[in-house]
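Single-letter residue listing:
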Amino acid sequence: MKEEKERYSKLERAFKILEYLKVNSDSEHTVTQAALRREPEIEPYLGDKETYNDTIVKMAMAMNSDEYGVKPEDE
């Protein structure tokens, strides 16, 4: 029988991913999805490929917006 994984809210997933990236990445050390999946402390928060991609896209949109909406790409 397949073991059921714990489910996390979108907010909790985003927070844990951002928290991990704050500590483990900078302009010279990027973190890939594959690297995240190898880390036992963060991997449970990633979900499947579709959940991960949805979370990353929504986080990027949130961080690239202001009171007028999504910022132009050059900003």
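The structure presented is a predicted model; accordingly, all values stated were derived computationally and were not measured.

Draft legend 1. Quick peek at the nonpolar core. If you look at the biggest cluster of nonpolar residues, it comprises 10 residues: Tyr8, Ala14, Ile17, Tyr20, Leu36, Ile42, Tyr45, Leu46, Tyr52 and Met59. When residues of this core are traced back to their parent elements, those giving at least two are α1 (10-24) and α3 (49-63). Of the residues forming this core, the biggest block, 3 residues, is contributed by α1. Apart from residues no more than four positions distant in its own chain, Tyr20 is found in contact with Val31, Leu36, Glu39, Glu41 and Ile42.

Draft legend 2. Examining the pattern of salt bridges more closely. Evaluation of the coordinates by the stated rule reveals 3 salt bridges. Glu43 is paired through a salt bridge with Arg37; the nearest N and O atoms lie 4.0 Å apart. On the basis of relative accessibility, which here comes to 23%, the residue Glu43 falls in the partly exposed class. Exposure remark for Arg37: the relative accessible area of 28% places this residue in the partly exposed category. For the salt bridge of Lys58 with Asp54, the shortest nitrogen-to-oxygen distance reads 3.4 Å. On the criterion of helical spacing, the pair formed by Lys58 and Asp54 is a turn pair, its members being 4 residues apart in helix α3. Residue Asp54 is classed as partly exposed on the basis of its relative accessible area of 31%.

Draft legend 3. Main features of the environment of Val31. The residue Val31 is located in the loop between α1 and α2 (33-38) in this model. Sequence separation between Val31 and Gly69 is 38 residues, and the spatial gap between their C-alpha atoms is 27 Å. The contact partners of Val31, leaving out residues within four places of it in the chain, are Tyr20, Leu21, Asn24, Ser25 and Leu36.

Draft legend 4. Main features of the packing of aromatic side chains. A complete count under the given rule lists 1 aromatic pair for this structure. Ring plane angle 35 degrees and centroid distance 4.2 Å describe the contact between Tyr8 and Tyr45, whose orientation is recorded as tilted. Here Tyr8, found in the segment before α1, pairs with Tyr45, found in the loop between α2 and α3; they are 37 residues apart in sequence, far enough to count as distant. Residue Tyr8 shares its accessibility class with Tyr45, and that shared class is buried. Taking NZ or CZ as reference, Arg37 lies 5.8 Å from the ring centre of Tyr52, over its face.

Criteria and thresholds
- Within each chain, residue numbers correspond to sequence positions counted from 1 in written order.
- Where local features are concerned, this predicted model is filtered to residues with pLDDT of at least 70; where side-chain atom pairs are given and counted, the filter is 80 or more; whole-chain, interface and lining totals use all residues.
- Working from all heavy atoms in the structure, the side-chain values ignore hydrogens and water.
- Joining through side-chain atoms within 4.5 Å is the link that ties buried Ala, Val, Leu, Ile, Met, Phe, Trp, Tyr and Cys residues into a set, and such a set is a nonpolar core.
- Here the term buried applies to any residue with accessible area under 20% of the maximum for its type, exposed to any over 50%, and partly exposed to those in between, with areas from a 1.4 Å probe on protein chains only.
- The numbering of helices and of strands both runs from the N terminus, where a helix is a DSSP run of H or I of at least 4 residues and a strand a run of E of at least 2.
- Any two residues whose heavy atoms approach within 4.5 Å are treated as being in contact.
- Salt bridge, as used here: a side-chain nitrogen of Lys or Arg that lies within 4 Å of a carboxyl oxygen of Asp or Glu.
- Centres within 6.5 Å make a pair out of two Phe, Tyr or Trp rings, where for Trp the six-membered ring is used; the pair is then stacked when the planes are under 30 degrees apart, edge-to-face when over 60, and tilted otherwise.
- We call a charge positioned above a ring when the Lys NZ or Arg CZ atom is no farther than 6 Å from the ring centre and deviates by at most 35 degrees from the ring normal.

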